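Examining the three-dimensional arrangement
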Amino acid sequence: QVQFVESGGGLVQPGGSLRLSCAASGRIFWLGAMGWYRQAPGKQRELVATITNGGSTNYADSVKGRFTISRDNAKNTVYLQMNSLKPEDTAVYYCNARVTRSWGDSPGDYWGQGTQVTVSS
């Protein structure tokens, strides 16, 4: 199995900052791309940012210039630094990773349990 420990969510005022982290553990042969997605009430889950094992990044237009994704391959951990937060950033944020569990296996997508981010005054 693959487990994730997510942390860093919470309540913050507009304009504030939060840093999310997600550590993967368990049966991991190769950890590929990792990313963050979010889901607001009544809306579909959407991509926030992704980062490859080599460090290439991709961001949703709505967060470009405000959010920064990074990873520590030695710790199997991905981070999301969120600055200049807006009320519309309020959502449950989910960690995602592409994991190959054993040599010769096909990679699969795994998800964290989610962490709530609320931006409100």
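Residues numbered from 1 in each chain as written. Predicted model: local features only at pLDDT ≥ 70, side-chain atom pairs only at ≥ 80, totals over all residues. Heavy atoms only, no water.

**Here's the deal with the nonpolar core**
The biggest cluster of nonpolar side chains holds 29 residues, and the ones touching the most others in it are Trp-36, Leu-80, Met-82 and Tyr-93. For this core, the secondary structure elements donating two or more residues are strand 1 (2–7), strand 3 (18–26), strand 4 (30–39), strand 5 (46–51), strand 7 (67–72), strand 8 (77–82), strand 9 (91–100) and strand 11 (115–119). Per-element accounting of this core gives the leading share, five residues, to strand 9. What Leu-80 contacts, discounting residues up to four positions off in sequence, is Leu-18, Arg-19, Leu-20, Trp-36, Val-48, Ala-49, Phe-67, Thr-68, Ile-69 and Tyr-93. (Core = buried A, V, L, I, M, F, W, Y, C linked by side-chain atoms within 4.5 Å. Buried < 20%, exposed > 50% of the residue type's maximum accessible area, 1.4 Å probe, protein only. Helix = DSSP H or I, 4+ residues; strand = E, 2+ residues; numbered from the N terminus. Contact = heavy atoms within 4.5 Å.)

**Concerning the state of the cysteines**
Applying the stated criterion to the full structure yields one disulfide. The disulfide partner of Cys-22 is Cys-95, and the gap between their sulfur atoms is 2.2 Å. On the sign convention where negative is left-handed, the bridge of Cys-22 and Cys-95, at about -80° about the S-S bond, is left-handed. Taken as a pair, Cys-22 in strand 3 and Cys-95 in strand 9 lie far apart in primary sequence, 73 residues in all. Note on Cys-95: relative accessible area 0%, which makes it buried. (Disulfide = S-S within 2.5 Å.)

**Concerning unusual backbone geometry**
For Asn-76, which is not glycine, the phi torsion reads 50° and is therefore positive. Locating Asn-76 in the fold gives a position in the loop between strand 7 and strand 8. Since its relative accessible area comes to 23%, Asn-76 is described here as partly exposed. For Ser-84, which is not glycine, the phi dihedral falls at a positive 50°. Checked against the element boundaries, Ser-84 lands in the loop between strand 8 and strand 9. On the accessibility criterion, Ser-84 (40% relative accessible area) is partly exposed.

**Focus on the side chain of Arg-38**
Within the secondary structure layout, Arg-38 lies in strand 4. Here Arg-38 falls in the buried class, since its relative accessible area comes to 6%. A polar atom in the side chain of Arg-38 sits 3.4 Å from the side chain of Ser-62. A polar contact is formed between the side chain of Arg-38 and the side chain of Tyr-93, at a distance of 2.9 Å. Apart from the residues lying within four places of it in its own chain, the contact partners of Arg-38 are Gln-44, Arg-45, Glu-46, Val-48, Ser-62, Val-63, Phe-67, Glu-88, Asp-89, Ala-91, Val-92 and Tyr-93. (Polar contact = N/O pair within 3.5 Å; in protein donor to acceptor, adjacent residues only side chain to side chain.)

**Considerations on the environment of Gly-26**
Position of Gly-26 relative to the elements: it lies in strand 3. A relative accessible area of 52% means that Gly-26 is categorised as exposed. Excluding residues that lie within four positions of it along the chain, Gly-26 makes contacts with Gln-1 and Gln-3.

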